[in-house]
Structure formats: structure tokens, C-alpha cells
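Overview (structure and organization)
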Amino acid sequence: MPLIKNKYGKGRVRVMRIHRDGDRHEVSQLSVKAMIEGDFGCAFTDADNSTSTSTDTIKNIVNVTARENTGLSTEEFCQVLAQRYLDLYPQVTGVSVTAHETKWSRLSIDGTPHPHSFVLDSNGKPFVEVSGNRDGFAMSSGLDSLTFMKSTQSGWENYFTDKYSTIQPTNDRMCATSMVASWKWSGKPASYAAANATILETLLKVFSTNYSPSVQNSLFHMGEAALAAVPEISEISMACPNIHYILMNLSAFGLDNNNDVFLPTDEPHGQIECTVGR
């Protein structure tokens, strides 16, 4: 029975980079997964480890590369790290690096941004994925668990129904989600951080300022706007599990409820996904 495919590496390599520019510091906290594939089959089939470096070494390379590249954006750091495995090991034919970022926001003291104090920003976890081989790399950036909502200007009407349908149509409901979004880079922007910020700002602006006849329609227009705003991305994918807010029936207490009081629940949830490309 042949070995069809194999790869190995190190996951959850946690590293914090601090880039010092005089008194002002920038911080980047990552959890990295680095995987390599290539001429390692003999370790699986013949107990021959002669071509295999240890996963501890793979972890050490993450830390060394981080120390030598404190000022790079996450995207650039992942590319440099992936290339390093290819440069070090001729037996490696392919590599994939995934980095999830813990976001820290700069504190302001008396209205002035502090040079080296930060507060944890827990809404949305940026990530980068780099994969490729000696012929080149492909890279995506994105956000995981970005939670946002609006309390009106959302509806769900004129949908297909059958004998199992129970939900009632509405043109005024809350709309909330915890979105996972990723975008593929086809070119290098002047600044990855600035481009990512533009994409996020554009997605949230379209969501916030337009009536939503459905989550499906909103996602399409959000993707359209992001592609128009950042020409260096070729497509954007979004997955949005609904966070439902169910209107509570208060009639037993002699009270009406004109979209005032809701029961929050995220199980079960609607799952809406789409990819918008050029």
C-alpha cells in the first residue's frame, strides 16, 4: 500500500514581535502553523529519518525569522518565513504558513496615542495564509470571527415557501453575524496593513449604510465594493453565520414589543457564504 501524500510541521507557534522606532513601538502577536512537504516518505514507510528535520527545528526557524524581521507586516513575514524553509532544505518541495494574529490597539492617554501601551482588541482575528513551492507562492489575508450588527435596515421577504415554512416575512429586523472573510492577493499593495484596513472599512461601510433585503445580497455588494477599493486583490470570500435576535412575546404581561426586546441566540444559525471575483 503506497504512501499517497504526507507533510508535517509545527502548529501553534506563538510569537510576539516588537518593532522599536525610537520611543514608538509596534507590536505583532502571532500564532503560526508552518508545514513542509517533500522527500520525507522514507520516515513514514522505512523508519528512515535521514531527510527529516525535527518539528522543534521548524519552530526555532519561526522564532529566528521573527527576530530578524520585527518590522515586516504579517503578510511579508509569512512570505519570508515560507521562503526560508525552501532555501534551507533542498528536500522541501512545498510549504504552507498560516498565521493568526491577536490584535492589540494603541492606548490613548488624555487624547494622545501612547507610544508603547496597548489594549487587547478581541473583535476579529486577522490571519494570513501562504502556500507554494519553488515556482512561486499564493497568499490570502483575512479576518476570523469579526462580529458586527445593525439594529434595523434589514429584511427578509418574498422568499420561497412550502408546508414546512414557519418564519414570517419582515422588512425591519436586526442583522448580526460573526464573519470569516479572506481575500486573495494578485499584486502587492503599497502597504498590506493599509489595504487590509481599507477592505475592512469598505465591507463595514456597505453593510452599515445600505438596506439589506438579505444577507446574501449584502455580502455580494460588500464583496463588489472591496474589489473596487483594493485593485491588488483578485477575489474575496465571506462566510457569515447569523447571530439571531428573536423578538420576544411580551403579550402575557400586557406589553407590546415593537422591535424593542429580543432573545439573542447563535444556535442553530443560518450560514451564508459566497465568493466574489473579478
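The structure under discussion appears in the preceding block.
Attention in this report is confined to the structure presented alongside it.

Some remarks on the pattern of salt bridges
A pair can form between side chains of opposite charge whenever their charged atoms are brought close. As enumerated under the stated definition, the model contains 7 salt bridges in all. For Lys59, the salt bridge identified is with Asp56, shortest N-O distance 3.1 Å. Residue Lys59 and its partner Asp56 are located together in helix H2 (residues 55-68), separated by 3 residues, close to a single helical turn. Since its relative accessible area comes to 24%, Lys59 is described here as partly exposed. For Asp56, a relative accessible area of 37% corresponds to the partly exposed category.

Focus on the nonpolar core
Nonpolar side chains in soluble globular proteins tend to end up buried together. Of all hydrophobic cores here, the largest spans 52 residues; its most connected members are Val32, Tyr85, Met179, Met222, Ile236 and Met238. Ignoring any residue separated from it by four or fewer positions in sequence, one finds Ile236 in contact with Ser182, Trp183, Ile199, Leu203, Gly223, Ala226, Leu227, Cys274, Thr275 and Val276.

Looking at the packing of aromatic side chains
All told, the structure shown has 4 aromatic pairs when counted by the stated rule. Measuring from centroid to centroid gives 5.0 Å for Trp185 and Tyr192, while their planes differ by 90°, and the two rings are edge-to-face. Here Trp185 and Tyr192 have matching classes, each one buried.

Observations concerning the environment of Phe148
Within the secondary structure layout, Phe148 lies in strand S6 (residues 136-150). Between the C-alpha atom of Phe148 and that of Cys175, which follows or precedes it by 27 residues, the distance is 8.5 Å.

Here's the deal with helix H3 (residues 74-88)
Between its first and last C-alpha, H3 extends 21 Å over 15 residues, near the 21 Å set by a 1.5 Å rise per residue. Every buried residue of H3 is accounted for by Thr74, Glu75, Phe77, Cys78, Leu81, Ala82, Tyr85 and Leu86.

Looking at helix H4 (residues 192-209)
Between its first and last C-alpha atoms H4 spans 26 Å; for 18 residues at 1.5 Å apiece the expected length is 26 Å, and the two agree. Buried within H4 we find Tyr192, Ala195, Asn196, Ile199, Thr202, Leu203, Val206 and Phe207. Buried residues of H4, seen end-on, are gathered within an arc of 125° and therefore sit on one face of the element. Looking at H4, the residues exposed on the side facing more than 90 degrees away from the buried face are Ala193, Glu201, Lys205 and Thr209. Where H4 is buried, its residues touch H3, S6, strand S7 (175-185), helix H5 (215-229) and strand S8 (233-241). One side-chain oxygen of the residue at the start of H4 lies 3.4 Å from the amide nitrogen of Ala193, identifying that residue as Ser191.

With respect to the pairing of S6
Judged from the 9 bridges that link them, strand S5 (residues 125-133) and S6 form a sheet pairing that is antiparallel. Opposite Lys125, over in S6, you have Asp144 as the bridge partner. Connecting the antiparallel pair S5 and S6 is a turn made up of 2 residues. As defined by bridge partners, S6 adjoins S7 across 9 bridges and the pair is classed as antiparallel. Note on S7: the bridge partner recorded for Ser140 is Lys184.

Describing empty space enclosed by the protein
Per the stated rule, a full pass over the model turns up 1 cavity of 30 Å³ or more. Put simply, the largest cavity is a space of about 60 Å³. In this structure, the largest cavity is lined by Phe148, Cys175, Thr177, Phe207, Val215, Ser218, Leu219, Met222 and Cys240. If you list the elements that add at least two residues to the lining of the largest cavity, you get S7 and H5. Among the elements that take part in the lining of the largest cavity, H5 stands out by supplying 4 residues, more than any other.

Let's talk about the packing of H2 against H3
Two elements in contact, H2 and H3, have axes whose closest approach is 10 Å; the angle formed by their N-to-C orientations is 130°. Overall, the two elements H2 and H3 adopt an arrangement that is oblique. Crossing handedness for the pair H2 and H3: right-handed. On H3, the residues touching Ile58, Ile61, Val62, Val64, Thr65, Ala66 and Glu68 of H2 are Phe77, Val80, Leu81, Arg84, Tyr85 and Leu88. The residue makeup of the contact of H2 with H3, split by class, is 10 nonpolar, 1 polar and 2 charged.

The rules we used
Along each chain, numbering runs from 1 in the same order as the chain's sequence is written. Restriction of local features to residues with pLDDT of at least 70 applies here, the model being predicted, together with a cutoff of 80 or more for giving and counting side-chain atom pairs; totals for whole chains, interfaces and linings are based on all residues. With hydrogens and water excluded, all non-hydrogen atoms of the structure serve as input to the side-chain values. Each reported salt bridge corresponds to a side-chain nitrogen of Lys or Arg within 4 Å of a carboxyl oxygen of Asp or Glu. Starting at the N terminus, helices and strands are each numbered in turn, a helix being any DSSP run of H or I of at least four residues and a strand any DSSP run of E of at least two. Residue exposure (1.4 Å probe, protein chains only): buried if accessible area is under 20% of the type maximum, exposed if over 50%, otherwise partly exposed. Residues grouped as a nonpolar core are buried Ala, Val, Leu, Ile, Met, Phe, Trp, Tyr and Cys residues, joined through side-chain atoms within 4.5 Å. Contact between two residues is taken to exist if any of their heavy atoms lie within 4.5 Å; hydrogens are not considered. Here is the rule: rings of Phe, Tyr and Trp (six-membered ring for Trp) pair when centre to centre is within 6.5 Å. Planes less than 30 degrees apart are stacked, more than 60 are edge-to-face, and the remainder are tilted. Take the residue count of a helix, subtract one, and multiply by 1.5 Å to get its expected span. Arc, as used here, means the arc of the directions from the helix axis to the C-beta atoms. In protein, a polar contact means a hydrogen-donor-capable atom and an acceptor-capable atom, both N or O and within 3.5 Å, with residues adjacent in sequence counting only if both atoms are side-chain atoms; elsewhere, any N or O pair within 3.5 Å suffices. The criterion for strand pairing is that DSSP finds at least two bridges linking the strands in question. A pocket here means an open set of points on a 1 Å grid, computed over the protein atoms alone, that has protein on both sides within 12 Å along at least five of seven lines. A cavity is instead a set of points where a 1.4 Å probe fits but cannot get out; residues with an atom within 4 Å of a point line either one. Grid points are joined across faces, edges and corners, and a volume is the space filled by probe spheres set on the points. Note on geometry: axes are C-alpha line fits, over the in-contact stretch for helices, and angles between N-to-C directions span 0 to 180 degrees. For classification purposes, angles smaller than 35 degrees are called roughly parallel, those larger than 145 roughly antiparallel, those between 65 and 115 roughly perpendicular, and all remaining angles oblique. Here a crossing is called left-handed whenever its near helix is offset anticlockwise from the far helix by less than a right angle, and right-handed whenever the offset is clockwise. Gly is placed with the polar residues, together with every amino acid not listed as nonpolar (Ala, Val, Leu, Ile, Met, Phe, Trp, Tyr, Cys and Pro) or charged (Asp, Glu, Lys and Arg).

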